[in-house]
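Here's the letter readout for the chains.
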Amino acid sequence: MTIRVLIADDQEMVRIGFRMILQTHDDIEVIAEAADGVEAVAAAREHRPDVCLLDIRMPKCDGLEATRLLAGPDVPDPLRVVIVTTFDMDEYVYGALRAGASGFLLKDAGPSLLVEAIRAAASGDALVSPSVTVRLLQHLEPPKRAAGGATRLTQRELDVVELLARGATNNDIAKTLQLSVSTVKTHLESVRTKIGARNRVGIAAWAWENKVVG
């Protein structure tokens, strides 16, 4: 199945670069481009891409607001958004995840991670640049423990969530806990349902907020 992608960035050279990277992969097709947030939202609603790549700092409507409009909690049929930016700032990452993003990458993360993030988002998973995952999630403010909190999860679910929140992939978690990858996915789906998270990034944020990770 071909993954249909929208690229939104106010710099033409960035859009060209992303397109050149993505068009070398047979399972990815760039179907639309946008130079600002308003264009991005309109194009995304028209073309319904599988994944939207959005910059944060764009004219007319920034990437965070565009993400909220396309993937926010109030959107009935949300699209999958991956934020790609040069700005490694806590408030941007936190804002993007809360707006519904399925991933957050720095532009210097490299072509391989860009493609991996697109594939992860398209499959309903999420990816955040390893260089920002733990540092940013563990400093979410204000730290708070939700009512019921971690007590709603089994011990095995808590083990899985802690590793995820530290940046581990499903394969890493499976190896560490001596589980199959499918079992890890089952645990994560159970956790997602119990805590009301939209994806694994939301689970990681919840874990830090509720101090599942020490």
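Treat the numbers as computed from the prediction; the structure is a model and nothing was measured.

Looking at this structure, I do not really get the overall build of the protein. What am I missing?
Check the secondary structure of the protein and you find ten helices and six strands. Residues counted as buried form 50% of the 214 residues belonging to the protein. Residue pairs in contact within the protein that sit at least 24 positions apart in sequence constitute 66% of those at least 6 positions apart. Accessible area for the protein stands at about 10300 Å²; split by element, carbon and sulfur atoms hold 52% of it.

Hey, could you run me through the pattern of salt bridges in this one?
A side chain of one charge can pair with a side chain of the opposite charge when the charged atoms of the two come close. Per the counting criterion, the structure on display carries nine salt bridges. Between R119 and D27 there is a salt bridge; the shortest N-O distance is 2.9 Å. With R119 in helix α5 (residues 111-122) and D27 in the loop between α1 (12-22) and β2 (28-34), this residue pair connects regions lying 92 residues apart in the sequence. Here R48 ties to D77 by a salt bridge, and the two come within 2.9 Å at their closest N and O atoms. Of this pair, R48 sits in the loop between α2 (37-47) and β3 (51-54) while D77 is found in the loop between α3 (63-71) and β4 (81-85), placing the two residues 29 residues apart along the sequence. Among the residues examined, R48 registers a relative accessible area of 33% and is labelled partly exposed. Overlapping salt bridges bring together R15, R19 and E33 as one network.

What is the right way to look at the packing of α1 against α5 in this model?
Across the interface, α1 lies against α5 with an axial gap of 10 Å and an inter-helix angle of 75 degrees. As far as their axial angle goes, α5 and α1 are roughly perpendicular. Packed against α1, whose contacting residues are F18, I21 and L22, the element α5 presents P111, L114, V115 and I118 at the interface. Split by residue class, the contact of α1 with α5 holds seven nonpolar, no polar and no charged.

What's the story with the confidence of the model for the protein in this structure? I'm lost.
Do not read the fine detail of predicted coordinates wherever pLDDT is low. When pLDDT is averaged along the protein, the result is 82, and 84% of the positions lie at 70 or above. Across residues 140-147, confidence stays below pLDDT 50; counting only partners more than four residues off in sequence or on other chains, it has 13 contacts.

Is there a simple way to explain the side chain of D9 in this structure?
For D9, the position within the fold is in the loop between β1 (3-8) and α1. A residue is classified by how much of its surface remains accessible, and D9, at 0% relative accessible area, is buried. Engagement of the side chain of D9 in a polar contact is seen with the backbone nitrogen of Q11, the distance being 2.8 Å. Ignoring sequence-local partners within four residues, the contact set of D9 consists of V14, R15, A34, A35, D55, M58 and K107.

How should α1 be read in this particular structure?
For an α-helix, 3.6 residues make a turn, and residues three or four places apart therefore share a direction. Residues of α1 that are buried: V14, R15, F18 and L22. With its buried residues spanning 100 degrees around the axis, α1 presents them on a single face. The exposed residues of α1 that point more than 90 degrees off its buried face are E12, M13 and M20. Buried-residue contacts for α1 involve β1, β2, β3, β4 and α5.

Would you mind going over the environment of L164 with me for this structure?
By secondary structure assignment, the location of L164 is in helix α7 (residues 155-165). When its relative accessible area of 5% is taken as the criterion, L164 is described as buried. For the pair L164 and A207, spaced 43 residues apart in sequence, the C-alpha to C-alpha distance is 8.9 Å. Apart from residues lying up to four places away in sequence, L164 is in contact with I173, L188, R200, I203 and A204.

Explain helix α10 (residues 200-209) here, please?
Here α10 lies mainly inside the structure; nine of its ten residues are buried. Taken together, the buried positions of α10 are occupied by R200, V201, I203, A204, A205, W206, A207, W208 and E209.

So what exactly am I meant to see when it comes to a nonpolar patch on the surface here?
Residues M13, I16 and M20 make up a contiguous nonpolar surface patch of roughly 330 Å² in combined accessible area. Inspection of the secondary structure puts I16 in helix α1.

I would appreciate a short explanation of the nonpolar core in the present structure.
In globular proteins that are soluble, nonpolar side chains generally tend to be buried together. Ranked by internal contacts, the top residues of the largest apolar core, which has 28 residues, are C52, L54, L70, V81, I83 and F104. Counting residues per element, the ones that place at least two in this core are β1, β2, α2, β3, α3, β4, α4 (90-99) and β5 (103-106). Grouped together as the second largest cluster of nonpolar side chains are 23 residues, L153, L158, A168 and W206 included.

Conventions and cut-offs
- Residues numbered from 1 in each chain as written.
- Predicted model: local features only at pLDDT ≥ 70, side-chain atom pairs only at ≥ 80, totals over all residues.
- Heavy atoms only, no water.
- Helix = DSSP H or I, 4+ residues; strand = E, 2+ residues; numbered from the N terminus.
- Buried < 20%, exposed > 50% of the residue type's maximum accessible area, 1.4 Å probe, protein only.
- Contact = heavy atoms within 4.5 Å.
- Areas by Shrake-Rupley, 256 points an atom, 1.4 Å probe, with all protein chains shown as cover.
- Salt bridge = Lys/Arg side-chain N within 4 Å of Asp/Glu carboxyl O.
- Axes fitted to C-alpha atoms, helices over the stretch in contact; angles between N-to-C directions.
- Parallel < 35°, antiparallel > 145°, perpendicular 65-115°, else oblique.
- Nonpolar A, V, L, I, M, F, W, Y, C, P; charged D, E, K, R; others polar.
- pLDDT = per-residue confidence, 0-100.
- Polar contact = N/O pair within 3.5 Å; in protein donor to acceptor, adjacent residues only side chain to side chain.
- Arc of directions from axis to C-beta.
- Patch = residues over 30% accessible without salt bridge, like charges linked within 9 Å, V, L, I, M, F, W, Y side chains within 5 Å.
- Core = buried A, V, L, I, M, F, W, Y, C linked by side-chain atoms within 4.5 Å.

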